[in-house]
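This is what each chain is made of:
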Amino acid sequence: MKFDEIQIRVRYGETDQMGVVYHGNYALYLEMGRIEWLRKLGISYKKMEEEGVMLPVISLNVNYKKPAIYDDLINVKTQLKNKPTAKIEFEYEITNSSGDILTTASTTLVFIDKKTNKPVKAPQYILDVIEV
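All residue numbers refer to position in the chain's written sequence, counted from 1. Predicted model: local features are reported for residues with pLDDT of at least 70 only, side-chain atom pairs are reported and counted for 80 or more only, and whole-chain, interface and lining totals are derived from all residues. Hydrogens and water are ignored here; the side-chain numbers use all heavy atoms of the structure.

Draft legend 1. The packing of aromatic side chains, seen in detail. Between 30 and 60 degrees the pair is tilted, below 30 it is stacked and above 60 it is edge-to-face, where a pair is any two Phe, Tyr or Trp rings, Trp via its six-membered ring, whose centres lie within 6.5 Å. As enumerated under the stated definition, the model contains 5 aromatic pairs in all. For the pair Tyr26 and Tyr29, a centre-to-centre distance of 5.7 Å together with 80 degrees between the ring planes defines the contact as edge-to-face. With a gap of 3 residues between them, Tyr26 and Tyr29 both fall in helix H1 (residues 25-40), about one helical turn apart. Three labels apply to residues, based on accessible area from a 1.4 Å probe with only protein chains included: buried if under 20% of the type maximum, exposed if over 50%, partly exposed otherwise in between. A relative accessible area of 1% places Tyr29 in the buried class. Pairwise contacts between aromatic rings join Tyr26, Tyr29 and Tyr64 into one cluster. The ring of Tyr125 has Lys47 lying over it, and the distance from NZ or CZ to the ring centre is 5.6 Å. Only when the NZ of Lys or the CZ of Arg is both within 6 Å of the ring centre and within 35 degrees of the ring normal is a charge said to sit over the ring. Directly above the aromatic system of Phe3 lies the positively charged group of Lys77, at a separation of 4.6 Å from the ring centroid. The helix count covers DSSP runs of H or I at least four residues long, the strand count covers runs of E at least two residues long, and both are numbered beginning at the N terminus.

Structure (structure tokens):
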């Protein structure tokens, strides 16, 4: 699976005084997309961490095109950019129910050994289920 899509309803608490989604909340939407992308492949973030592999974000790039507003139903498309190595890269597109592109983004995460805090190769069970 190269990409996945989820829908999220913008909640009031995610907006500013103008009813527009606060820019910092987009990182949460991207995380939700990434977690569901992995989950649909049968990969659990929680299990990966329990097995001693962490996956911190080392790069986040967000381009705001149009605002998402309170009560919008937004679609977060999460796409794997390349086959994982010691890092995994995703690209995102957030659209509204009219199909307007609201935001494009990318993230880079690194597989880290929890004990040594050093980068490690992507676990084999992840490589086995990813199609690039």
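Draft legend 2. Structural detail: the sheet that holds strand S4 (residues 73-80). Pairing is antiparallel in the open sheet, where 5 strands are placed in the order S1-S4-S5-S6-S3. Edge positions in the sheet fall to strand S1 (3-9) and strand S3 (57-64), since each of these pairs with one other strand and no more. The average angle at which neighbouring strand axes cross in this sheet is 20 degrees, direction not considered. Here, strands pair whenever DSSP counts at least two bridges between them. Note: strand S5 (residues 87-95) against strand S6 (residues 101-110), 9 bridges, orientation antiparallel. By the bridge assignment for S6, Ile94 is matched with Thr103. Sitting on the sheet, H1 touches S1, S3, S4, S5 and S6, and the angle it makes with S1 is about 130 degrees. Note on method: axes are straight lines fitted to C-alpha atoms, helices fitted across the in-contact stretch only, with angles between N-to-C directions ranging 0 to 180 degrees. Contacts between residues were defined by any pair of non-hydrogen atoms, one from each residue, lying within 4.5 Å.

Draft legend 3. Expanded view of the pairing of S1. Alternating positions in S1 separate cleanly, Asp4, Ile6 and Ile8 being buried on one face and Phe3, Glu5, Gln7 and Arg9 remaining unburied on the opposite face. Sheet topology note: the S1/S4 ladder contains 7 bridges and is antiparallel. By the bridge assignment for S4, Phe3 is matched with Gln79.

Draft legend 4. How the structure looks around the side chain of Asn75. With respect to the element layout, Asn75 can be found in strand S4. The class of Asn75 is buried, set by a relative accessible area of 16%. A polar atom in the side chain of Asn75 sits 2.5 Å from the side chain of Glu5. Not counting residues up to four positions away in its chain, the partners in contact with Asn75 are Glu5, Ile6, Gln7, Glu93, Ile94 and Thr95. Within 3.5 Å is the distance limit for a polar contact, defined as a pair of N or O atoms, with the added protein rule that one can donate a hydrogen and the other accept it, and that residues adjacent in sequence qualify only through two side-chain atoms.

Draft legend 5. Seen up close, the environment of Asn25. Residue position: Asn25 is located in helix H1. It is 8.5 Å that separates the C-alpha atoms of Asn25 and Thr15, two residues lying 10 residues apart in sequence. Among the polar contacts made by the side chain of Asn25, one reaches the main-chain carbonyl oxygen of Glu14 at a distance of 2.8 Å.

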